[in-house]
Amino acid sequence: MTGTRTGRRGSTTAWADIDLHALGRNLERLRRGLSPGQAVLGVVKADAYGHGAGPVGRALQRFGIDGLVVADMGEGIALRRAGVTTPILVIDPPLPSQLRLPALHRLDATVTSVAEACVLATAASRAGRTVDVHVRVNTGFAGFGAPRAGLTDVLAAVAATPALRLEGLYTHLSGAYGSHEDGGVAELERFGEAVEAARAAGLLPPLVHALSSAALGRPLLTGAAARIGCTAVRCGAALFGIRMVDGDLPLPLAPVMSVKTRVTRVTALEPGDVADYAAASAAPRRTPVAVLPFGFSDGHHLHRLAGGVLLIRGRPAPVLGRPFMSGLLADLTDIPGVQPGDEAVLIGRQGDHRITVEDIAARSGLRPSAVTLLGSRVVRRYRSSAAGKDQPE
Ligand SMILES: *Cc1c(COP(=O)(O)O)cnc(C)c1O
C-alpha cells in the first residue's frame, strides 16, 4: 500500500516504526504556536520524507490538516489514489505533457508565468473543470518562481481565466535554513513587496504563504509574516519532529520515525582481519562483532556515517568500519551476551539511550530531512494510538 515491501512479519529484517499519534501531536503543537486562523499545509513530498505518503497523508487529513503539498504531479496522483481528498498543491509547474492532470485529479497547480497560466487554462477548460492555482514568486532562491517584476501580470492572467481560480501566492525562504538569526528576513521583505503589489492590484488570493519548518522558530520571520498578511504555513520536517536547524522551533516536537533491525550473526574479527574493504580497517585485537542486515542501500546516511553507533541490549554499539550495501558490523566489545535475533536500534530509543535524526545528520553531514529517506527493503509499520497499538496500514 505504501510502495514498500510488506512481507510477512517473520520475514522482516529491517523496519521503520511510524508513530502517527506523534504526527498528530506535532500538528497540534504547531497549530498552537501559530496565530489563530492560520492554515497549515503539510509537505509530504518524497514519500512524506520517507514516512510513507499514503498513510501519512490520510492521517494528516484525519487530524484536520488544511492541505497537503507535494513536489510533482505523480506524487499528487498517488495521494488521490491512496484516498486523500484534501487540497493538494503541486510545487513544480506541470510539464507540457502533464497539463490535463491538475483538472483530472483535482490537484492545485503552481504557476510562475503568463504562458503557463494560458496553457493550463486551455487544458482545464477542455477537461471541463476549474483548477485552483497558487502563483509562486521568486524572492531570491534558486530561480524558483515568477520574477517579481512580472508578478501582477501572472496573477491577472490567472484571475481573468474562468477555468483557473487564484487560490494562493507563495515563496520559499532559503535563508531560514542558515545559521544567521536574520536569515530569510530579506527574502521575506521582498515577498512582502510582492504581496503589497498583489493587494494594490486587487489580486490577493486567500492563501498567502512563505514560512516552512525552519522559519517557524524565528520570531523575526513569524512577526514579519504576520505583518505582511500571510494566512498559511507550509511545513514538512516539523510535522515529522525533525529539526532542520540547531535550536529551531521552541515547540516540543516528537520524532515520528524509529528505525530498527535484528542481529543476524554474532562473530569475531581476529587480529589482522579487516572490517570493510579497506586494509586500514584491520582489527588490532580479537573483536566480537554483530552482523546486522542494514546497509547503505537501506539508509543512505550510513554511506557517510563515521563514528556512528547503534543500540543493542540498551547499550551503544559503535559501527565498525564502513557499512556495506546491505549490512554493517557493530563492535560488541562492551556488550556481552548478544544473540542472533536481538533487536538493534538505528534511530530511536532503547533503554536509557536515544539516537536522533539530528545526531545522524550532524555526524554524516546530511540535511536532517535526508536521514529518514530509507531504501525499499525497510518495511514501514504504522501505529496510531498513544498506547502504540499496531495499525494494519
Ligand atoms: C520542501 C519544501 C517545504 C517544506 O520544508 P520543511 O523544511 O520540510 O518544512 C516547503 N516549501 C517548499 C517550496 C518546499 O520545497
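Quantities reported herein were computed from a predicted structural model and do not represent experimental measurements.

## Here we look at the overall build of the chain
Tallying secondary structure elements over the chain gives 12 helices and 19 strands in all. Over its C-alpha trace the chain gives a radius of gyration of 24 Å, about what one expects of a compact globule, namely 21 Å for 393 residues. Expressed along its principal axes, the backbone C-alpha trace of the chain runs to roughly 75 × 45 × 40 Å. The buried share among the 393 residues of the chain stands at 53%. Summarising the internal contacts of the chain: among those between residues at least 6 apart in sequence, 68% fall at separations of at least 24. Surface accessibility of the chain: about 17100 Å² in total, with carbon and sulfur atoms responsible for 53%.

## Side note on the domain arrangement of the chain
We note that the domain assignment places domain 1 (20-239) and domain 2 (257-392) within the chain. On a C-alpha basis, the centroid separation for the pair domain 1 and domain 2 is 37 Å. Taken residue by residue, the interface counts 10 residues in domain 1 and 11 residues in domain 2. For the pair domain 1 and domain 2, the two sides together bury roughly 930 Å², of which 59% comes from carbon and sulfur.

## Some points on the pattern of salt bridges
Going through the model one piece at a time under the given rule, you end up with 10 salt bridges. The shortest N-O distance in the salt bridge between Arg165 and Glu167 comes to 2.9 Å. Take Arg165: its relative accessible area is 41%, and that puts it in the partly exposed class. Among the ionic contacts, a cluster of salt bridges with common partners joins Asp132, Arg165 and Glu167.

## Observations regarding the nonpolar core
One finds Leu188, Leu310 and Ile312 to be the most contacted residues of the largest nonpolar core, which totals 117 residues. Structurally, this core is a two-domain feature, drawing no fewer than three residues from each of domain 1 (20-239) and domain 2 (257-392). If near-sequence neighbours (up to four positions away) are discounted, Leu310 is found in contact with Leu292, Arg315, Pro316, Ala317, Val319, Leu328, Ala330, Ala344, Val345, Leu346 and Ile355. Grouped together as the second largest cluster of nonpolar side chains are seven residues, Leu269, Val291, Leu320 and Leu329 included.

## What to know about the packing of aromatic side chains
The tally for this structure, following the rule as stated, stands at three aromatic pairs. Seen from their ring centres, Tyr49 and Phe240 are 5.2 Å apart, and the 40° between their planes marks the pair as tilted. Remark: Phe240 occurs in the loop between β9 (232-235) and β10 (257-262) and Tyr49 occurs in helix α2 (residues 45-49); sequence separation between them is 191 residues. Neither Tyr49 nor Phe240 differs from the other in exposure class; each is buried. Across from the ring centre of Trp15, 4.8 Å away, lies the NZ or CZ of Arg381, which sits over that ring.

## Quick word on the site of the ligand
For the ligand, the set of nearby residues contains 14 residues, the closest of which are Lys45, Tyr49, Tyr177, Ser213 and Arg234. Here an oxygen atom of the ligand and a side-chain polar atom of Ser213 are 2.5 Å apart. Ala237 places a main-chain nitrogen or oxygen 2.8 Å from an oxygen atom of the ligand. When isolated, the ligand has an accessible area of 390 Å², and the protein chains bury 92% of it. For the shell around the ligand, the secondary-structure elements that each account for two or more residues are α2 and β9. A breakdown of the residues in the shell around the ligand according to their chemical character gives seven nonpolar, four polar and three charged.

## A closer look at the packing of helix α1 (residues 20-32) against helix α3 (residues 53-62)
For the pair α1 and α3, interaxial distance at closest approach is 10 Å and the crossing angle is 50°. It follows from the interaxial angle that α1 and α3 lie oblique. Judged by the sense of rotation from one axis to the other, the crossing of α1 with α3 is right-handed. Here Leu20, Leu23 and Leu27 of α1 lie close against α3, whose contacting residues are Pro55, Val56, Ala59, Leu60 and Arg62. Along the lines of polarity and charge, the residues of the contact of α1 with α3 split into seven nonpolar, no polar and one charged.

## Notes on helix α6 (residues 114-127)
Given a rise of 1.5 Å per residue, 14 residues ought to cover 20 Å, and the 20 Å separating the end C-alpha atoms of α6 matches this to within 8%. When α6 is considered as a whole, its buried residues turn out to be Ala117, Leu120, Ala121, Ala123 and Ala124. Elements that come into contact with the buried residues of α6 comprise α5 (101-105), β5 (109-111), β6 (131-136), α7 (151-159) and β7 (164-170).

## Examining unusual backbone geometry
Even without being a glycine, Ala46 presents a positive backbone phi close to 50°. Assessed through its relative accessible area of 38%, Ala46 is described here as partly exposed. Despite not being glycine, Arg313 shows a phi value in the positive range, around 50°. Secondary-structure assignment places Arg313 in the loop between β13 (309-312) and β14 (315-320). Assessed through its relative accessible area of 46%, Arg313 is described here as partly exposed.

## With respect to α7
Three or more residues of α7 are buried, namely Leu151, Val154, Leu155, Ala157 and Val158. The arc that holds the buried residues of α7, viewed along the axis, is 160°, so those residues lie on one side. The elements touched by buried residues of α7 are β5, α6, β6, β7 and α8 (185-200).

Cut-offs and rules
Residues numbered from 1 in each chain as written. Predicted model: local features only at pLDDT ≥ 70, side-chain atom pairs only at ≥ 80, totals over all residues. Heavy atoms only, no water. Helix = DSSP H or I, 4+ residues; strand = E, 2+ residues; numbered from the N terminus. Rg over C-alpha atoms; globule rule 2.2 N^0.38 Å. Buried < 20%, exposed > 50% of the residue type's maximum accessible area, 1.4 Å probe, protein only. Contact = heavy atoms within 4.5 Å. Areas by Shrake-Rupley, 256 points an atom, 1.4 Å probe, with all protein chains shown as cover. Domains from an automatic or database assignment. Buried area = accessible area lost by both parts, 1.4 Å probe. Salt bridge = Lys/Arg side-chain N within 4 Å of Asp/Glu carboxyl O. Core = buried A, V, L, I, M, F, W, Y, C linked by side-chain atoms within 4.5 Å. Phe/Tyr/Trp six-rings, centres within 6.5 Å; stacked < 30°, edge-to-face > 60°. Lys NZ or Arg CZ within 6 Å of the ring centre and 35° of its normal. Near = heavy atom within 4 Å. Polar contact = N/O pair within 3.5 Å; in protein donor to acceptor, adjacent residues only side chain to side chain. Nonpolar A, V, L, I, M, F, W, Y, C, P; charged D, E, K, R; others polar. Axes fitted to C-alpha atoms, helices over the stretch in contact; angles between N-to-C directions. Parallel < 35°, antiparallel > 145°, perpendicular 65-115°, else oblique. Left-handed = near helix turned anticlockwise from the far one by under 90°. Expected span 1.5 Å × (residues − 1). Arc of directions from axis to C-beta.

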